[in-house]
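What the coordinates show
Listed below are the residues making up each chain.
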Amino acid sequence: MAMADTPAMSMMSTTDAMTMQAEEPSSMQAQIQMSMSQISVHEAAPRVPSMSPSPPPKLDLSLYLVTSSSLLPPGATLESHVEAAIKGGVTIVQLREKTLDTAPFIALGKRIHAVTQKYGVPLLINDRIDVAQAVGCEGAHIGWDDMDYDTARSLLGPTAIIGLSVSNLTQASLAASTSCNYLGIGPVFSTPTKPDASAAMYPSGVRQALELVSSKRPDLPSVIIGGIDSTNLQSVIYKSRPVSGKSIAGVAVVSAIISSTEPEIEASNLLSLFKSPPPWASPPPSQTTVFTDFYLPLILSKVVTTIRAIQEHKPLVHHITNSVVKNFSANVTLAIGASPIMSENSEEVGDLANISPHSACLLNMGTSGTSDRELFKRAIRENNKSGKAIVFDPVGAGATSMRRETVKWILDEAGYIDVIKGNEGEIRTVAGQGVNMKGVDSADSGAGGLEELVGVVRNVAMQERNIIIMTGATDVLSDGNRTVIIRNGHPLQSLVTGMGCALGSVLSAALAVGKDDKLLSCLAALLAYNIAAERAAKKEGVKGPGGFMTAFLDELYEIAETSASGNGMWTEAVKLEFR
Ligand SMILES: Cc1ncc(COP(=O)(O)OP(=O)(O)O)c(N)n1
Ligand SMILES: Cc1nc(C(=O)O)sc1CCOP(=O)(O)O
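Computed from a predicted structure; not experimentally measured.

A count of helices and strands for the protein chain gives 22 helices and 17 strands. Expressed as a percentage of the 579 residues in the protein chain, the buried residues total 49%.

This is the structure in structure tokens:
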């Protein structure tokens, strides 16, 4: 049903809903209230007879199971599956059986309710308010082609749990002006479980919806739904967290649990992923959340420590990179003190992500085709799982529609990327700005000046919740809060093929050893790289790109060696500004 078909929802204010909630409960409402009072959250407190009704338990949406009997593994029953899932940690269940007629739907609802009541977990019915009434369960979930919210609320009563679907910002705004109990935001990703769903919202769309809802009804919890499983749950939560306002209250899944042959284990895994911080999340920066010149000595000391740690730990840098730059990237990786491996075999990305406590993965889009997506996805997810950094170099991002689409897909769907490094055109493409690049060179528009570039870098970092590096004559580095402008480097860098790509190798090495403050690790890599270039260009006998390339490797090696012995004199050449 289109938005215009649900006027009651848009017309109803929170005050109206509150007034309605205060009305005398009908017998159905009393029944629901009774079943609500039987619910406790997991461990039931001893029930003591009381004259005054106990308040309904707090709604726990952490792991929301939505059913679909057609997806059960052979031989499984919905009752046993739901029970196992609750034992694993499911906190709320929705009976969503699209093909059942009314009588069998009610009968199944009663059987499932007997299970959920045993564990004090609320049961809601999808779409059918009449079935919810007949089952006497705790509420219902309704979408935009179902009964309107006002009518559902008046039928189910003030204490029923009613959830509303949200697939876009208009729906988010309308739903947040009702007195509903929660929102189901989705689909996050397109999913075969609901082929008629609206367009995928992706984490960025979820974040916008959450920000809107928080501004209208800060108390209203939301769950996300659509294509969520154990491989993407943490990155969706992390990337969808609003800049201000509440994060999601839970995740709703159908196939991840219903199609599993081990629903208890699957539920337990999903709940623990939901409750724990993702392995790539940095602890809060140890020094300061704002950079100023006052902190420069501290920052430079950390820079030297990071380069020294590369020498100490010899981290593995797994390169998925283009054929043009492989040799030079391997030499740069060795010069800084790390260990390169080049592999595009998706069978071994898992092993490579776990082979050493100090490793990182560099993903370079240089000569890739769409067929590489599975490899990219696997590499990102395996490294995400083991908390290893992923550096993404969207080479030539704006050059062709295939590259633009691959970048969008990586950011929307593949997982979490710790650092994105690119030239102006590439970062503008990541920002969603239409840029026409020739080949893989920078678009070099520089139209808005440095401050505009700083704004672009900072905004993308904030949006992606990661670190963005825009390289050029002046480099800009930001994590969304702290922004650094680096004026080190030499024009000869742009005349050596692979010089830009091999910076990704040093960034990866630095991130592999410095996870506590990723921005500082990236700064260490950028400074070592650019100062090595400045020194190389000044070396006797360097007349052009050929000599420069060799001298650069030597200078990078020299910087790594002196840092390893605790000598940070090379950092005296830094030219930094903080924003
Ligand atoms: C928790 C949750 N969120 C969203 C939906 C989708 O409901 P609806 O829009 O009614 O679509 P159908 O489920 O009826 O296909 C949901 N069921 N649960
Ligand atoms: C029931 C439902 N509602 C959606 C929405 O976007 O509103 S997506 C969806 C199906 C979710 O199934 P799975 O976890 O198997 O992807």
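Read on for the rest.
What follows is about the sheet that holds strand 8 (residues 250–253). Hydrogen bonds between backbone groups are what pair the strands of a sheet, and the pairing can be parallel or antiparallel. An order of 1-2-3-4-5-6-7-8 is seen for the eight strands of this closed barrel, with the pairing classed as parallel. With strand direction ignored, the average angle separating the axes of adjacent strands in the sheet is 25°. Pairing of strand 4 (residues 139–142) with strand 5 (residues 161–166), which is carried by four bridges, proceeds in the parallel orientation. Residue pairing for strand 5: G139 is matched across the bridge by I161. Its contacts with the sheet put helix 12 (residues 263–275) on strand 1 (63–66) and strand 8, and the angle it makes with strand 1 is roughly 140°.

Quick look at the domain arrangement of the protein chain now. By the assigned domains, the protein chain splits into domain 1 (60–275) and domain 2 (313–526). Using only C-alpha atoms to locate each centre, domain 1 and domain 2 end up separated by 37 Å. Secondary-structure elements contributing two or more residues to the side of domain 1 that touches domain 2 are helix 9 (202–216) and helix 10 (233–240). Sorting elements by how many residues they give to the side of domain 1 that touches domain 2 places helix 10 first, with three residues.

A few words now on the site of ligand 1. Residues in close proximity to ligand 1 total 17 residues, the closest being G143, S165, G184, I225 and A252. Here the residues of the shell around ligand 1 are counted per class, giving five nonpolar, eight polar and four charged.

Moving on, we get to the site of ligand 2. What surrounds ligand 2 is a group of 19 residues, the closest being G186, P187, T191, T193 and S255. Grouping the constituent residues of the shell around ligand 2 by class yields eight nonpolar, nine polar and two charged.

Relative orientation of the contacting elements helix 8 (residues 169–176) and helix 9 amounts to 25°, with a least axis distance of 9 Å. Judged on the interaxial angle alone, helix 9 and helix 8 are roughly parallel. Crossing of helix 8 against helix 9: the hand is right-handed. Together, L169, A172, S173 and A176 of helix 8 and Q208, A209, L212, V213 and K216 of helix 9 make up the contact between the two elements. Taken together, the residues of the contact of helix 8 with helix 9 sort by class into six nonpolar, two polar and one charged.

Cross-referencing UniProt, the feature "domain: Thiamine phosphate synthase/TenI" (unreviewed entry) maps to residues 63–257 in the present numbering. Between the first and last C-alpha atoms of residues 63–257 the distance is 10 Å; the span itself is 39% helix and 17% strand.

The next subject is the sheet that holds strand 16 (residues 483–486). What the nine strands build is an open sheet, ordered 10-9-11-12-13-14-15-16-17; its pairing is mixed. At either margin of the open sheet sits one strand with a lone partner, and together these are strand 10 (339–342) and strand 17 (576–578). For this sheet, the mean angle separating the axes of adjacent strands, direction not counted, is 20°. Across three bridges, the pairing between strand 16 and strand 17 is antiparallel. Opposite I486, over in strand 17, you have L576 as the bridge partner. With respect to the sheet, helix 20 (residues 499–513) is in contact with strand 9 (316–320), strand 10, strand 11 (359–364), strand 12 (389–393), strand 13 (419–423) and strand 14 (467–471), its orientation differing from that of strand 11 by roughly 155°. Relative to the sheet, helix 21 (residues 518–538) contacts strand 13, strand 14, strand 15 (475–478) and strand 16, its axis offset from that of strand 15 by approximately 165°.

Before going further, it helps to spend a moment on the confidence of the model for the protein chain. Of all residues in the protein chain, 86% have pLDDT values of 70 or greater, and the mean over the chain is 88. For residues 1–53, every residue scores under 50 in pLDDT, and the model assigns this stretch 69 contacts once sequence neighbours within four places are set aside.

With that out of the way, let us pick up the nonpolar core. One finds V419, C522 and A528 to be the most contacted residues of the largest nonpolar core, which totals 91 residues. Top contributing element to this core by residue count: helix 21, with 14 residues. Setting aside its immediate chain neighbours within four residues, A528 contacts I307, I336, V506, L556 and I559. By size, the runner-up hydrophobic cluster in this structure holds 69 residues, among which are I86, V131, V253 and I258.

Put simply, helix 13 (residues 296–313) and helix 20 touch, their axes get as near as 9 Å, and they point 85° apart. When the interaxial angle is binned, helix 13 and helix 20 end up roughly perpendicular. Here helix 13 contributes T306, A309, I310 and H313 to the contact with helix 20, which in turn contributes A509, A510 and V513. When grouped by side-chain class, the residues that make up the contact of helix 13 with helix 20 number five nonpolar, two polar and no charged.

The next subject is unusual backbone geometry. With omega at 5°, the peptide bond leading from G186 into P187 counts as cis. Along the chain, P187 turns up in the loop between strand 6 (182–185) and helix 9. The backbone phi angle of Y202 is positive, close to 60°, even though this residue is not glycine. Residue classification places Y202 among the buried positions, given that 20 C-beta atoms sit within 10 Å. Non-glycine residue K314 carries a positive phi angle of around 45°. Mapped onto the elements of the fold, K314 is located in the loop between helix 13 and strand 9. Overall, the presence of 16 C-beta atoms within 10 Å leaves K314 in the partly exposed class.

Glancing now at the pairing of strand 6. If a strand is regular, its side chains alternate between the two faces of the sheet. Residues of strand 6 alternate between two faces, with Y182 and G184 on one and L183 and I185 on the opposite face, all of them buried. At this point the chain moves from strand 5, through helix 8, to the parallel strand 6, and the crossover so formed is right-handed. Judged from the three bridges that link them, strand 6 and strand 7 (residues 222–225) form a sheet pairing that is parallel. Paired with G184 across the bridge in strand 7 is V223.

What follows covers helix 22 (residues 545–564). Note that an α-helix has 3.6 residues per turn; residues three or four places apart therefore point the same way. Between its first and last C-alpha, helix 22 extends 28 Å over 20 residues, near the 28 Å set by a 1.5 Å rise per residue. Considered for burial, the residues of helix 22 that qualify are F548, M549, A551, F552, E555, L556, I559, A560 and S563. Just downstream of helix 22, G566 is the residue with a positive phi angle, here 85°.

What counts, and where the lines are drawn
Residues numbered from 1 in each chain as written. Chains lettered and ligands numbered in written order. Predicted model: local features only at pLDDT ≥ 70, side-chain atom pairs only at ≥ 80, totals over all residues. Helix = DSSP H or I, 4+ residues; strand = E, 2+ residues; numbered from the N terminus. Buried ≥ 20, exposed ≤ 12 C-beta atoms within 10 Å, placed from the backbone. Pairing = 2+ DSSP bridges. Axes fitted to C-alpha atoms, helices over the stretch in contact; angles between N-to-C directions. Contact = placed C-beta atoms within 7 Å. Domains from an automatic or database assignment. Near = placed C-beta within 6 Å. Nonpolar A, V, L, I, M, F, W, Y, C, P; charged D, E, K, R; others polar. Parallel < 35°, antiparallel > 145°, perpendicular 65-115°, else oblique. Left-handed = near helix turned anticlockwise from the far one by under 90°. UniProt positions renumbered as here; feature names shortened; annotations may be inferred. pLDDT = per-residue confidence, 0-100. Core = buried A, V, L, I, M, F, W, Y, C linked by C-beta atoms within 7 Å. Right-handed = clockwise from strand over helix to strand, strands pointing away. Expected span 1.5 Å × (residues − 1).

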